[in-house]
There are 2 protein chains.
Amino acid sequence: MNPKALHSISYGLYVVASRKADKINGQIANTVFQITSNPPTLAVSINKQNYTHEFIKDSRSLTVNVLDQETGMVFIGRFGFRCGRDIEKFDGIKHRLTQSGNPVLEEHSMAFLEVKVEKEIDMGTHTVFIGEVTDGEILHGGEPMTYAYYHKVIKGKSPKAAPTYIQD
Amino acid sequence: MNPKALHSISYGLYVVASRKADKINGQIANTVFQITSNPPTLAVSINKQNYTHEFIKDSRSLTVNVLDQETGMVFIGRFGFRCGRDIEKFDGIKHRLTQSGNPVLEEHSMAFLEVKVEKEIDMGTHTVFIGEVTDGEILHGGEPMTYAYYHKVIKGKSPKAAPTYIQD
């Protein structure tokens, strides 16, 4: 088996965000997909070590913020390679909160979806959070950032905690 | 909520295939993602009405065949808009079988992954099949077909049974 065959799967790039009491946090994720259309449900795979995992477990809700292709490495680095235990990720970043208190990015995000978590699938290092899409809007036009574009054009890396991490 | 926000999620395009006794079948799917890297696990969402669903339930294994960007509508239509109850999908299509008997496309596919199903998540209209990647190879170079490319460039449609179907 060649583990690089896994790299042929296509993804977008998202900031998955959540809240815990009056705190908010978010992280870069690529592993987001729709499961059903009626009702609309989404699945998101999140590493158990990540701070956002703790937030989603607590509030059982999350937002998926769809990054646009113009998003740069500084922004992606803030959400993907820094930890919310050390910095307030949304400080200085344009955002608002949904009625449920989850962060919606108001920069670099072309659309968002809010999910009420109904099922959690324990997959060892990661949890797959599954639930109904309860809110969502298109924020502005443009192309979604794909994981392929991030790697090829922006020369971005995957952190070790990513579902799709492969050691070089 | 604007259901079109769901269209901002990025996907590839795949033929998900399986076997049942000595029969094989496959269908187009876009909802495939990796969950963990160690061990490598995949999730695939399949409509319960689809013939391939019956095959995966029976053999508890499947292959994900990653379509390349050159794949045309005739090929996609055969696997996406015809039913394996009516035609033998792999008749006249270059393919081989894995050791477990699942079909691996030898045309239009740039890579394949084989999954041993370990969990089934019942999501009403669809089942999410989850399991470890037990085999996989890169078959040839090129770009993977993305769902966006299929819609924008090939002007492809989504059948009603697709997880990402939205009525016009």
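Read on for an overview of the structure. (Residues numbered from 1 in each chain as written. Chains lettered and ligands numbered in written order. Predicted model: local features only at pLDDT ≥ 70, side-chain atom pairs only at ≥ 80, totals over all residues. Heavy atoms only, no water.)

## Some points on the sheet that holds strand S3 (residues 32-37) of chain B
All names here are of chain B. Taken together, the 7 strands give an open sheet; going across it, the order is S2-S1-S5-S8-S9-S4-S3, and neighbouring strands pair in antiparallel fashion. Only two strands of the sheet have a single partner each, and these edge strands are strand S2 (23-29) and S3. When strand polarity is set aside, the average angle formed by the axes of neighbouring strands in this sheet is 35 degrees. The pairing of strand S1 (residues 14-20) with strand S5 (residues 61-67) spans 4 bridges and is antiparallel. Each residue of the ladder has a partner; that of Tyr14, found in S5, is Val66. Each of S1, S2, strand S4 (40-47), S5, strand S8 (109-123) and strand S9 (126-138) is contacted by helix H1 (residues 51-59), which is oriented at about 55 degrees to S1, the strand it contacts most. (Pairing = 2+ DSSP bridges. Helix = DSSP H or I, 4+ residues; strand = E, 2+ residues; numbered from the N terminus. Axes fitted to C-alpha atoms, helices over the stretch in contact; angles between N-to-C directions. Contact = heavy atoms within 4.5 Å.)

## Thoughts on the relation of the copies chain B and chain A
For the pair chain B and chain A, the relating rotation is 180 degrees, the translation along its axis is 0.0 Å, and the fit reaches an RMSD of 0.0 Å. Interpreted geometrically, this transformation is the action of a two-fold axis. When C-alpha distances to the rotation axis are compared across chain B, the minimum falls at Tyr11 of chain B, with a value of 2.7 Å. A shared interface surface links the copies, since 100% of the contact residues of chain B are contact residues in chain A too. (Least-squares fit on C-alpha atoms with pLDDT ≥ 70 in both.)

## Focus: helix H1 (residues 51-59) of chain A
Helical periodicity: at 3.6 residues per turn, an α-helix aligns residues three or four positions apart in one direction. Where H1 of chain A is concerned, the buried positions are Tyr51, Thr52, His53, Phe55, Ile56 and Ser59 of chain A. At its buried positions, H1 of chain A is contacted by strand S1 (14-20), strand S2 (23-29), strand S4 (40-47), strand S5 (61-67), strand S8 (109-123) and strand S9 (126-138) of chain A. (Buried < 20%, exposed > 50% of the residue type's maximum accessible area, 1.4 Å probe, protein only.)

## Notes on the sheet that holds S5 of chain A
Residue and element names in this part refer to chain A. The sheet built from 7 strands is open, its strands ordered S2-S1-S5-S8-S9-S4-S3 with antiparallel pairing. Of all the strands in the sheet, the pair left with one neighbour each is S2 and strand S3 (32-37). Recorded for the sheet is a direction-independent mean angle of 35 degrees between the axes of neighbouring strands. Running over the sheet, H1 touches S1, S2, S4, S5, S8 and S9 and is turned about 55 degrees from S1. Here helix H2 (residues 73-80) sits on the sheet and contacts S1, S2 and S5; the angle it forms with S2, its principal contact strand, is near 115 degrees.

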